[in-house]
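# Architecture at a glance
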Amino acid sequence: MLTKILSRGGPAAGYLVIRYLKSVTLLAATPISLLLGWIIPGVTAGLVKLANSERYRAAKYLGVPQAEELPPALPRQPGDVTTLFRDTSFKRSLRCLLMPVVMIPELLVAVIAVVGAPAAILGMLLWWLDPGNFSLMGVGVDNWFEALTLGPLQVGASLWFLGRVAPALARGHAKAALRLLAPSPDQLETARLAQRVEELTKSRAGAVDSHGAELRRIERDLHDGTQAQLVSLAMRIGIAKQTMAEDPEKAAKLLDDARDGAEQAMTELRGVLRTMYPPILADRGLAGAVSALAARCPLPVELRIGALGEVPAAVEAAAYFVVAESLTNITKHSAAGHVDIQLERRGPELYLAVTDDGIGGARISAQSDLLGRGSGLHGMLHRVQAIDGHMELQSPIGGPTTVEVILPCG
């Protein structure tokens, strides 16, 4: 019982005492702030930071999710009163000035809760050293009867304050701080839109970089592979044309080589095209394409595919490449013995999860590490973000590794 009272009352009393100290500081600084706040922008910015600090402490004490912060004070020049009174964050943070109004009652409750019981015990034991000058429950004690009756009564009252009154008062203060210092709905919407713009800016930049890298890769593949084959093909046909009349057998051999070169060039060209948009997606759909990837994987793959409905082509391609890159990474780096793939439609979104039982430790990085890991995951992330998707990697040391991807289909 006592442990429960202390576990509830201790944090509550501490919260109230800290609020009292902040209130005293705020009360002392208020006159100077009223005189100089409109001149010095840092004063009003500090008041907004104080409000955010109070909301953070209140949320932490109540054990609720982190409260939304007030946006920073609007930048302004010294003496710019117009901007000051247009600043919603500043006007809401002015409610912090209500703290000194309740600081004395809160401190009184905290002191009674914390000091009352120890003072009662000392008074019961030491009253005889100075009869009449030790008080219990506000009454001077000059005999053992008063000491043994008023002492336990004060201990009980102190424990009641510690276990009931202080927690209730602290909760009320914290809830009031969260409510009074909360951002306005317009501020929350503005903050949400600003965050959204920042996310889209980052994803757009990533998509542009990824697109540029993809174009360079395609150009390199065409230049080093298909173009070289076609140049060799043209040379062989030219030589065959020149030797046709003098040595038909040699010309026929050159034409056979040219035909083989043409077939090889077509094979390489089809490989490049597959990296742009795999034809298997058009032929068999996303479910069939993922099944084909799983069938070609050298590791055992457990495939769970739910109803997918109609999926946009860009989303199909992104999901396909995530599965393909994941299986490649697992085969090369994870030392896994089993892979699990889950693919399903969840409302307006496509959910994809690839899990392996390998060694873990995978990280998303723009540059490959010493083992050649990381850059593939970085490319997957850019591809997912380019279509406003979300990708999360969980890969503790020792495994397992899970890549979760959510792609919007709306």
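Structure first, text after, so check above.
Here's a quick rundown of the structure. In this numbering scheme, every chain counts its residues from 1 along its sequence in written order. The model is predicted, so local features are restricted to residues of pLDDT at least 70 and side-chain atom pairs to those at 80 or more, both for listing and for counting; the totals for chains, interfaces and linings are taken over all residues. By convention in this description, side-chain values take in all heavy atoms of the structure and omit both hydrogens and water.

## A closer look at helix H10 (residues 313-334)
Only DSSP runs of H or I covering at least 4 residues are called helices, and only runs of E covering at least 2 are called strands; the numbering of each starts at the N terminus. A helix is expected to reach a length of 1.5 Å times the quantity of its residues less one. In this model H10 runs 30 Å from its N-terminal to its C-terminal C-alpha over 22 residues, within 8% of the 32 Å that 1.5 Å per residue would give. Backbone geometry just downstream of H10 places Ala335 in the positive-phi region, at approximately 55°.

## Topic: the pairing of strand E4 (residues 339-346)
Looking at chain direction, strand E3 (residues 301-305) and E4 are connected through five bridges and run parallel. Bridging across to E4, Glu302 finds its partner in Asp340. Read as a crossover between parallel neighbours, the route from E3 over H10 to E4 is left-handed. With eight bridges joining them, E4 and strand E5 (residues 349-356) adopt antiparallel strand pairing. Bridge pairing links Glu344 to Tyr351 in E5. Strands are labelled as partners when DSSP assigns at least two bridges between them. Between E4 and E5, which pair antiparallel and follow one another directly, the connecting turn spans two residues, one of which, Gly347, has a positive phi of 65°. Crossovers are described as right-handed under a simple rule: with the strands pointing away from the observer, the path leading from the first strand over the helix to the second runs clockwise.

## Considerations on the packing of helix H9 (residues 279-296) against H10
Here, axes are lines fitted to C-alpha atoms. For helices the fit covers the stretch in contact, and angles between N-to-C directions go from 0 to 180 degrees. In the contact formed by H9 and H10, the axes pass within 10 Å of each other and the chain directions differ by 15°. When the interaxial angle is binned, H9 and H10 end up roughly parallel. Helix-helix and strand crossings are classified by hand; for H9 and H10 the assignment is left-handed. Residues Ile280, Leu281, Leu286, Ala289, Val290, Leu293, Ala294 and Arg296 of H9 form the contact with H10, whose own contacting residues are Glu316, Ala317, Ala319, Tyr320, Val323, Ala324 and Leu327. Residues are grouped as follows: Ala, Val, Leu, Ile, Met, Phe, Trp, Tyr, Cys and Pro are nonpolar; Asp, Glu, Lys and Arg are charged; all remaining types, including Gly, are polar. Class assignment of the residues belonging to the contact of H9 with H10 gives a composition of 13 nonpolar, no polar and two charged. Any angle that falls under 35 degrees is termed roughly parallel, while one over 145 is termed roughly antiparallel, one within 65 to 115 roughly perpendicular, and all others oblique. In this scheme, a crossing is called left-handed if the near helix is turned counterclockwise away from the far one by less than a right angle; it is called right-handed if the turn is clockwise. By the convention used here, residues are in contact when the closest approach between their heavy atoms is within 4.5 Å.

## So, a nonpolar patch on the surface
Residues Ile121, Leu122, Leu125, Leu126, Trp128, Leu129, Trp144 and Leu148 make up a contiguous nonpolar surface patch of about 830 Å² in total accessible area. Going through the elements one at a time, helix H5 (103-126) and helix H6 (144-180) are the ones with two or more residues in the nonpolar patch. Counting residues per element, the nonpolar patch draws most heavily on H5, which supplies four residues. For Trp128, a relative accessible area of 47% corresponds to the partly exposed category. Within the patch definition used here, like charges are joined within 9 Å and nonpolar side chains (Val, Leu, Ile, Met, Phe, Trp, Tyr) within 5 Å, considering only residues with over 30% relative accessible area and no salt bridge. Surface exposure here means Shrake-Rupley accessible area, sampled with a 1.4 Å probe, where a residue is shielded only by the protein chains that are shown. A pairing counts as a salt bridge when a side-chain nitrogen of Lys or Arg comes within 4 Å of a carboxyl oxygen of Asp or Glu. The buried label applies to any residue whose accessible area, calculated with a 1.4 Å probe on protein chains only, is under 20% of its type's maximum; exposed applies above 50%, and partly exposed to all values in between.

## A word on the pattern of salt bridges
Going through the model one piece at a time under the given rule, you end up with four salt bridges. Salt-bridge contacts for Asp340 lead to Arg304; the nearest nitrogen and oxygen are separated by 2.6 Å. With Asp340 in strand E4 and Arg304 in strand E3, the pair connects residues that are 36 residues apart, well separated along the chain. The partner of Glu344 in a salt bridge is Arg346, with the nearest N and O atoms 2.6 Å apart. Overall, Glu344 belongs to the partly exposed group, its relative accessible area being 22%. Given a relative accessible area of 42%, Arg346 falls into the partly exposed group. When salt bridges with common partners are traced through the structure, they connect Arg19, Lys22 and Glu54 into a single cluster.

Function cannot be inferred from these measures alone, as they are strictly geometric.
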